[in-house]
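Per-entry structural report
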Amino acid sequence: MTRATEAAAFFGITTTIYLALLFQWLPITLPETVQNFTLPVLPWWALVSFGAYSLGNIGYHVLTFRDCPEAYDELQVQIGEAQRDLRSKGMNIK
């Protein structure tokens, strides 16, 4: 089972359970507060929570991004080669 299939199955089952509870298709009695106030806004809460987690995760990984000194040195060599090549063709480079 691929990761996409697992995710699709999870969201499919979760959506089915959510809709069954929302439209009272299951013989489960929920408290009136949960049925009328919590269940209708649950998808928005999940979406906002996922967005907050995603932004936090991206921010953390940008903050702790590891520098690559080898890549920096290689890039500096390539920039020097490009500058020499352009100078040999008559372009002024500062």
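Residues numbered from 1 in each chain as written. Predicted model: local features only at pLDDT ≥ 70, side-chain atom pairs only at ≥ 80, totals over all residues. Heavy atoms only, no water.

As annotated in an unreviewed UniProt entry, the chain carries the name Dolichol-phosphate mannosyltransferase subunit 3 and is attributed to Linnemannia gamsii. Check the Sequence similarities (unreviewed entry) section of the UniProt entry for the chain; it says "Belongs to the DPM3 family." As stated in UniProt under Subunit (unreviewed entry), the record for the chain gives "Component of the dolichol-phosphate mannose (DPM) synthase complex." (UniProt positions renumbered as here; feature names shortened; annotations may be inferred.)

With that settled, the discussion passes to the packing of aromatic side chains. In total, this model carries two aromatic pairs according to the counting rule given. Taken together, a centroid distance of 5.3 Å and an interplanar angle of 70 degrees make the contact between Phe 10 and Phe 11 edge-to-face. Among the residues examined, Phe 11 registers a relative accessible area of 52% and is labelled exposed. (Phe/Tyr/Trp six-rings, centres within 6.5 Å; stacked < 30°, edge-to-face > 60°. Buried < 20%, exposed > 50% of the residue type's maximum accessible area, 1.4 Å probe, protein only.)

Mapped onto the present numbering, the UniProt feature "transmembrane region" (unreviewed entry) falls on residues 7-25 and 37-56. When the span residues 7-25 is considered, its composition is 84% helix and 0% strand, and the gap between its end C-alpha atoms is 24 Å. Across residues 37-56, helical content stands at 85% and strand content at 0%; the span's end C-alpha atoms are separated by 28 Å. (Helix = DSSP H or I, 4+ residues; strand = E, 2+ residues; numbered from the N terminus.)

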